[in-house]
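Topology and contacts: notes
What follows is the residue order along each chain.
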Amino acid sequence: MHTAAASVFADLARPLGLNVEAQGRLATAWRYSLREVADHLLFIKQHLATIAQRDELLTTTIRRHSPKFVGYARQQLAYRLPLYLAAVRRVSEYETKMDLHGVAYARSSNAWET
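Every value quoted in this text rests on a predicted model; they were computed, and no experiment measured them. (Residues numbered from 1 in each chain as written. Predicted model: local features only at pLDDT ≥ 70, side-chain atom pairs only at ≥ 80, totals over all residues. Heavy atoms only, no water.)

Here's the deal with helix 3 (residues 67-101)
Put simply, the test is: Secondary structure elements follow DSSP: runs of H or I of four or more residues count as helices, runs of E of two or more count as strands, with numbering from the N terminus. Residue count minus one, scaled by 1.5 Å, sets the expected span of a helix. Residue burial is assigned from relative accessible area. The probe radius is 1.4 Å, only protein chains are included, and a residue is buried under 20% of its type maximum, exposed over 50%, and partly exposed in between. We call two residues in contact whenever any of their non-hydrogen atoms come within 4.5 Å of each other.
Counted at 1.5 Å a residue, the expected span for helix 3 with its 35 residues is 51 Å, and the 51 Å between its end C-alpha atoms agrees. Within the sequence span of helix 3, burial applies to Val70, Ala73, Gln76, Leu77, Arg80, Ala86, Ala87, Val91, Met98 and His101. Against helix 2 (20-52) lie the buried residues of helix 3. Where helix 3 ends, the next residue or the one after it, Gly102, has phi of about 75 degrees, a positive value.

Encoded structure:
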């Protein structure tokens, strides 16, 4: 390959640099999206548990959850699933941007390294 062309292609393989503020904004958006995914999962698990317990009885005549509450859980589950998938998509998009710009990921939820 021609020497001048090789240097141009070598520059394309290098990650694009962002300033520190832009890296911080990108990292913060990624962390908030991860938190949003975790919150949606928590609610989805609770709604699924409520739906699964619809036929359980506390006593011989009293149900654990009323039919109205089970219906509400089904409605909320249908509402939450698209929100969860959108949040997962955002996390993936942020991770792609972070890889492109060479931004480091958090090693844990409490430690962030730039």
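On we go.
A short note on the nonpolar core
Looking at soluble globular proteins, one finds that nonpolar side chains tend to be buried together. Condition: Here, the term nonpolar core denotes a set of buried Ala, Val, Leu, Ile, Met, Phe, Trp, Tyr and Cys residues that are joined through side-chain atoms within 4.5 Å.
In terms of nonpolar packing, the biggest core is built from seven residues, these being Leu26, Trp30, Val37, Ala87, Val91, Met98 and Val103. For this core, the secondary-structure elements that each account for two or more residues are helix 2 and helix 3. Discounting chain neighbours no more than four positions away, the residues touching Val91 are Trp30, Ser33, Leu34 and Val37.

What to know about the pattern of salt bridges
Short version of the rule: Here a salt bridge means any side-chain nitrogen of Lys or Arg lying within 4 Å of a carboxyl oxygen belonging to Asp or Glu.
Evaluation of the coordinates by the stated rule reveals three salt bridges. Across the pair Asp39 and Arg35 runs a salt bridge, and its minimum N-O distance is 3.0 Å. Residue Asp39 and its partner Arg35 are located together in helix 2, separated by four residues, close to a single helical turn. A relative accessible area of 31% means that Asp39 is categorised as partly exposed. For Glu36, the salt bridge goes to Arg90, with nearest N and O atoms at 2.8 Å. One end of the pair, Glu36, is in helix 2; the other, Arg90, is in helix 3, with 54 residues separating them in the sequence. The exposure class of Glu36 is partly exposed, given its relative accessible area of 29%.

Some remarks on the packing of helix 2 against helix 3
Convention followed: A fitted line through C-alpha atoms represents every axis, and for helices the fit uses only the stretch in contact; the resulting angles, taken between N-to-C directions, go from 0 to 180 degrees. An angle below 35 degrees is read as roughly parallel, one above 145 as roughly antiparallel, one from 65 to 115 as roughly perpendicular, and any other as oblique. Put simply, a crossing is left-handed when the front helix is turned counterclockwise from the back one by less than a right angle, and right-handed when it is turned clockwise. In this classification, Asp, Glu, Lys and Arg are treated as charged, Ala, Val, Leu, Ile, Met, Phe, Trp, Tyr, Cys and Pro as nonpolar, and every other residue, Gly included, as polar.
At a minimum axis distance of 8 Å, the contact between helix 2 and helix 3 shows a crossing angle of 155 degrees. Comparing the axis directions of helix 2 and helix 3 gives the class roughly antiparallel. Seen along the crossing, helix 2 lies across helix 3 with a hand that is left-handed. Residues of the contact of helix 2 with helix 3, tallied by class, amount to 22 nonpolar, five polar and six charged.

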